[in-house]
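Tertiary structure, described
Below, each chain spelled out in residue letters.
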Amino acid sequence: MTISPPSKVNTGLPLEAEILTSGVDSLNLSLGVKWKNTFFHELLEMGKAEAKRTGHPHPFFHNIPEMDEQLVFATLPNGSKGYNWLISGNQYSVKFGKAIIPNSRPNVFIEIRSEMLWQSGIQKSIDLILLFLQKVHAEILSIKPSRIDLCMDLLIPGYEWNLDLFNKMVTRARRRAHYTENQALTGVHVGKGVMSGRLYDKAKEIETVSHKTWMYDVWGIPEVPEDKKVVRVEFQLLREPLKDLGIDTMEDCIGALDNIWAYCTQKWLKFQTRPGKHHTQRKTLPWWKMVQNKYLGVSEPVPAIRAKAVRATQFQLASQVVGLAIALASVDDEFGITPLFEEVSQEGLVKVFRKALRIAGKNSLELKDAVNRKRAKNHRGKAKYQVANYNRLAAGLPADMLTLGIEDDHTWILYDMGVIK
C-alpha cells in the first residue's frame, strides 16, 4: 500500500457570473482649435452675461440635421479652471478659452458624458460634438484624450460580493479602501490621482444616487435577480498613464481599448485566492478571469436611452410635484374653516398649485421663462435661447446683427440658437 494525494476534485460552487455589458462610460478630450472669427465667443459671452443677470444657466440648442440630432446646452454664469466659458448638458460639457489659436494649453475641453456614450456609442458621440464645433466656425487642429473611464457590468452570485473580497485584492496602487452599509459591502476603491479603480453595487447606486434606470435597457434585464448582484468594475485613467501605455491620439485610444482594459485588470488590479501567500501560490478568482478576458471594447449603442431618461426624470419630478401639492394642501389655513378630514379632490389639488403660483409671486410669463430655462438645464425638449439683445433686435433698436458685426452667413446659427425667429 502506498500513500498518495487524492486526485484533484473541484468541489467549489459552479461559476454563474455573466457579463452584461462593457464599454466607455466617460471620455474627456483636449482640443487645439483655430477659430475663423470671434462670432461664437461673442454668443458665449452674451449667454454668460445673461446667466449672471438672471441667476440661472442660460439655455441654447443647436440642430445637427446631418446626424438627425439636436444638442441642448446651458451657458453657465462662470468659467472653469482657466477657461472663460462653460456650456453644459446631459450629453456633453464643453469649456472654451479665449485664445483664437491654441497656445501652451488646449483652448477647448470636452467631456462626453455617460448618457451620450451609451446612447450613441463612442464614435458617433465624438463625431457629433466635432461637427458642432465645425459648424460654429472652429477649425480642429488636434484632439487628444485627457481622461477615459472604462467599465464592465457583470451579474455575479451574491455570495461572491462580500467583505472578504477586499482581502483578495492584489494591486500596484498604494491606496485602497472599502465601503459598507449595515456591515454589507457596497464598494471598493483603489488608487488615487492619475489612475484609479472602483468596484461597486451598480444597481444600488442607480437606486440611491444616479437614477440612471436606462442602464437596465443596456443590460437587457428588467431587474436584478434576488440572489445576484450587478457589480460595476470601473477604471479611470488620466493623460499620464495613457501616454505611458503609448496612447497619444484619439485614434490610438479607440483602437486600444481592449489593451488598456487588459493592463488595468491583469497588471494593475487582480483578485486572487489565498491572501498573504506568495504570488506563485495564488490563483485568480474565476469571475475576475471573465473580467480580464471578455471586455467588448466598444459597446453597442442603445438609442432608447434618451426616451428612458426622459421618462425617469418626468416620474421623479411628477412625484415631487404631487408630494409638494399635498404638503401645501395640508397646511392650507387661509380661511380656517376647512374640515380636518374633508376629502380633497384632484381638482382641489390643481387649485392648490394655482395658489402656490400666487404665493410665490409667479405670473404666466415668468413661469414660461422658468420652464424654458429648466428645459435646457435638464436637457428635455426644445429650449428657447433668449438673450438680452433679442428684444432689441425685435424692436429694431441698435442691437441688430449689423451693430453686433454679424455677417449674413451667421444668420443660420442665430436661428438654430433661437436668437432670431
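As the structure is a prediction and not an experimental result, all values here were calculated from the model.

**A look at the confidence of the model for the chain**
In the predicted model, the chain carries a mean pLDDT of 80, and the fraction of residues at 70 or more is 72%. Under a pLDDT of 50 for its full length, residues 378–393 has, in the predicted model, 57 contacts with residues more than four places off or in other chains. In the model, residues 395–421 has pLDDT below 50 throughout and makes 49 contacts with residues more than four positions away in sequence or in other chains.

**Quick notes on unusual backbone geometry**
A positive phi angle is found at D68, which is not glycine, with a value near 55°. Summarising the element assignment, D68 is placed in the loop between β2 (58–64) and β3 (69–75). Assessed through its relative accessible area of 71%, D68 is described here as exposed. Of note, H211 is a non-glycine position whose phi angle comes to about 60°, a positive value. Within the secondary structure, H211 sits in the loop between α5 (202–210) and α6 (215–219). Residue classification places H211 among the partly exposed positions, given a relative accessible area of 34%.

**Remarks on the nonpolar core**
Grouped burial of nonpolar side chains is what soluble globular proteins tend to show. By size, the foremost hydrophobic cluster in this structure holds 71 residues, and its most contacted members are L27, Y92, F96, I110, F132, L199 and W288. Leaving out residues up to four positions away in the same chain, L199 has contacts with W161, T186, G187, V188, V231, R232, V233, L269, F271, W287 and W288. Judged by nonpolar contacts, the second largest core, of 13 residues, contains L20, I206, M215 and V218.

**Points about the sheet that holds β3**
Across the sheet, 11 strands lie side by side as β2-β3-β4-β5-β6-β1-β7-β12-β11-β10-β9; this open sheet has antiparallel pairing. Both outer strands of the open sheet, β2 and β9 (176–181), are each paired with one neighbouring strand and no more. Averaged over all adjacent pairs, the angle separating strand axes in this sheet is 20°, with direction ignored. Relative to strand β6 (residues 108–112), strand β5 (residues 92–96) runs antiparallel, the two being bridged by five bridges. When the sheet's bridge partners are listed, S93 is paired in β6 with E111. Strand contacts of helix α10 (residues 286–293): β1 (18–35), β7 (138–157), β11 (195–201) and β12 (228–238), with the helix running at about 155° to β7, the strand carrying the most contacts.

**A few points about the environment of Q91**
Following the sequence through the fold, Q91 ends up in the loop between β4 (85–88) and β5. Separated by 20 residues in sequence, Q91 and E111 have C-alpha atoms that sit 8.6 Å apart.

**Re the pairing of strand β10 (residues 184–192)**
Alignment of β9 against β10, held across six bridges, turns out to be antiparallel. Residue H178 lies in a different strand from β10, and its bridge partner there is V188. What sits between the antiparallel neighbours β9 and β10 is a turn of two residues, in which N182 has the positive phi angle 55°. Taken together, the six bridges between β10 and β11 define a ladder with antiparallel strand orientation. Counterpart to V190 in the pairing with β11 is G197. In this antiparallel pair of consecutive strands, β10 and β11, the connection spans two residues, and G193 shows a positive phi of 85°.

**Re the pattern of salt bridges**
Counted according to the given criterion, the structure contains 15 salt bridges. Two residues, K135 and E66, come together in a salt bridge whose shortest N-O distance is 2.9 Å. In this pair, K135 sits in helix α3 (residues 122–135) while E66 sits in the loop between β2 and β3, placing the two residues 69 residues apart along the sequence. K202 is the partner of E205 in a salt bridge, and the nearest nitrogen-oxygen pair spans 3.0 Å.

Analysis parameters
Counting restarts for each chain: residues are numbered from 1 in the order of the written sequence. It should be noted that, the model being predicted, local features are given only for residues of pLDDT at least 70 and side-chain atom pairs only at 80 or more, the latter also being counted only at that level, while totals for whole chains, interfaces and linings use all residues. Hydrogens and waters are ignored; side-chain quantities use all the structure's heavy atoms. Scored from 0 to 100, pLDDT records how confident the predictor is in each individual residue. Contacts between residues were defined by any pair of non-hydrogen atoms, one from each residue, lying within 4.5 Å. In this description a helix means any DSSP run of H or I spanning at least four residues, a strand means any run of E spanning at least two, and both kinds are numbered starting from the N terminus. Whether a residue is buried, partly exposed or exposed follows from its accessible area with a 1.4 Å probe, protein chains only, as a fraction of its type maximum: under 20%, in between, or over 50%, in that order. We define the nonpolar core as a collection of buried residues of types Ala, Val, Leu, Ile, Met, Phe, Trp, Tyr and Cys that are connected through side-chain atoms lying within 4.5 Å of one another. For two strands to count as paired, DSSP must find a minimum of two bridges between them. Angles shown run from 0 to 180 degrees and are taken between the N-to-C directions of axes, each axis being a line fitted to C-alpha atoms and, for helices, limited to the stretch in contact. The rule for a salt bridge is simple: a side-chain nitrogen of Lys or Arg has to be within 4 Å of a carboxyl oxygen of Asp or Glu.

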